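Residue-level structure breakdown
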Amino acid sequence: MTPNVKEIFAGEAPPAPAALAAKVRTLAPSMTRSMQRVAEAVAGDPAGCAALTVTGLAELTGTSEATVVRTARLLGYPGYRDLRLALAGLAAQQQSGRAPAVTADISVDDPIADVVAKLAYDEQQTLADTAAGLDTVQLGAAVTALAAARRIDIYGVGASGLVAQDLAQKLLRIGLIAHPHSDPHLAVTNAVQLRAKDVAIAITHSGSTGDVIEPLRVAFERGATTVAITGRPDGPVTQYADHILTTSTAHESELRPAAMSSRTSQLLVVDCLFVGVAQRTYETAAPALSASYEALAHRHSPRGRMR
């Protein structure tokens, strides 16, 4: 049975003020429309909402007091009072170091300099949101499983498939046996071979990509440790995941599809996994990295290229 959002975040400490906006962006797709209005209001104007009572915020968003309280709890706060305190803290942080007034809505006639500035800002925001919302306990558990794995299968299609290849390449260079799979048939036939002490990783921003969910389900049922890297912590993929690593994305627009921003956050998570595993396996990882560098060194020299 797929865990709901409340179950996923149950027991967590309330998010720090700086993580509130990231939490809103991550959970908004799972909320009802009325709860989304509350979440968008508090993320968009923390100072103004911090000054409102629960009744005032309900009136502002055209919702009910009960909806405001439910939204606060879904965001990780025991009640509305705790959310107001976080909003006040976030407002103070913004006043001391306000973010630049730039938006990700790139127009078809924007000068290239503006495109660079907007994309750079959005990439930075996506990385910051992902870092703020990443569960380090889940990350640590995934690292532990990878470091001890007999074999690692990584599933991803489309843009997520490129991220799967990146992770597999990194793990191979430190001596681990890792295979990326973008072909759903091969993914399933390989997943059938997995056992305990093996690890399967599914990368899907939507959390509902069937070609990724199916091999993860097979791996889960075969006893492998399973990890989901997803932008939807309540998505179908999570019902077969022992560990869930949540990513964030920037605002989607016509010239900036979700695949672009999701790739940025996925690569951050992948790098965190890789560095964590390299730390845990340093005695074998360091020599393996040195050997791979030496094996390729001649290809990066003018003389090596002429051979």
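Provided above is the structure to which this section pertains.
Residues numbered from 1 in each chain as written. Predicted model: local features only at pLDDT ≥ 70, side-chain atom pairs only at ≥ 80, totals over all residues. Heavy atoms only, no water.

Burial along strand 5 (residues 243-246) is two-sided: the residues H243 and L245 and I244 and T246 are all buried. Across four bridges, strand 4 (residues 225-230) lies against strand 5 in parallel orientation. Bridging from a neighbouring strand, A228 pairs with I244 of strand 5. (Buried < 20%, exposed > 50% of the residue type's maximum accessible area, 1.4 Å probe, protein only. Helix = DSSP H or I, 4+ residues; strand = E, 2+ residues; numbered from the N terminus. Pairing = 2+ DSSP bridges.)

Here the focus is the packing of helix 11 (residues 184-191) against helix 12 (residues 210-221). Axis separation between helix 11 and helix 12 bottoms out at 8 Å; the angle between their running directions is 5°. The angle between helix 11 and helix 12 falls in the class roughly parallel. Facing P184, A187, V188 and A191 of helix 11, the residues of helix 12 in contact are D211, E214, P215, V218 and A219. In terms of residue class, the contact of helix 11 with helix 12 is built from seven nonpolar, no polar and two charged. (Axes fitted to C-alpha atoms, helices over the stretch in contact; angles between N-to-C directions. Parallel < 35°, antiparallel > 145°, perpendicular 65-115°, else oblique. Contact = heavy atoms within 4.5 Å. Nonpolar A, V, L, I, M, F, W, Y, C, P; charged D, E, K, R; others polar.)

As a further point, take unusual backbone geometry. A positive phi angle, close to 80°, is found at K197, a residue other than glycine. As for its position among the elements, K197 is in the loop between helix 11 and strand 3 (199-204).

Attention shifts here to helix 6 (residues 65-74). Among the residues of helix 6, those classed as buried are T67, V68, T71, A72 and L74. Each buried residue of helix 6 lies within a common arc of 165° when the element is viewed along its axis, so the set occupies one face. After helix 6 finishes, the residue G76 shows a positive phi value of roughly 105°. (Arc of directions from axis to C-beta.)

Okay, the pattern of salt bridges next. Counted by the stated rule, this structure contains eight salt bridges. One salt bridge in this structure joins R232 and D234, with 3.2 Å as the shortest N-O distance. (Salt bridge = Lys/Arg side-chain N within 4 Å of Asp/Glu carboxyl O.)

Relative to the helices and strands, T264 is located in helix 13 (residues 258-280). Overall, T264 belongs to the buried group, its relative accessible area being 9%. For the pair T264 and D122, spaced 142 residues apart in the sequence, the C-alpha separation amounts to 10.0 Å. Leaving out residues up to four positions away in the same chain, T264 has contacts with E123, T126 and L127.

Here we take up the packing of helix 5 (residues 54-61) against helix 6. Where helix 5 meets helix 6, the axes come as close as 8 Å, and the angle between the chain directions of the two elements is 100°. When the axis of helix 5 is compared with that of helix 6, the two are roughly perpendicular. Across the interface between the two elements, V54, T55, L57 and A58 from helix 5 touch E65, V68 and V69 from helix 6. In the contact of helix 5 with helix 6, the residues fall into five nonpolar, one polar and one charged.

The values are spatial; any link to function lies outside them.
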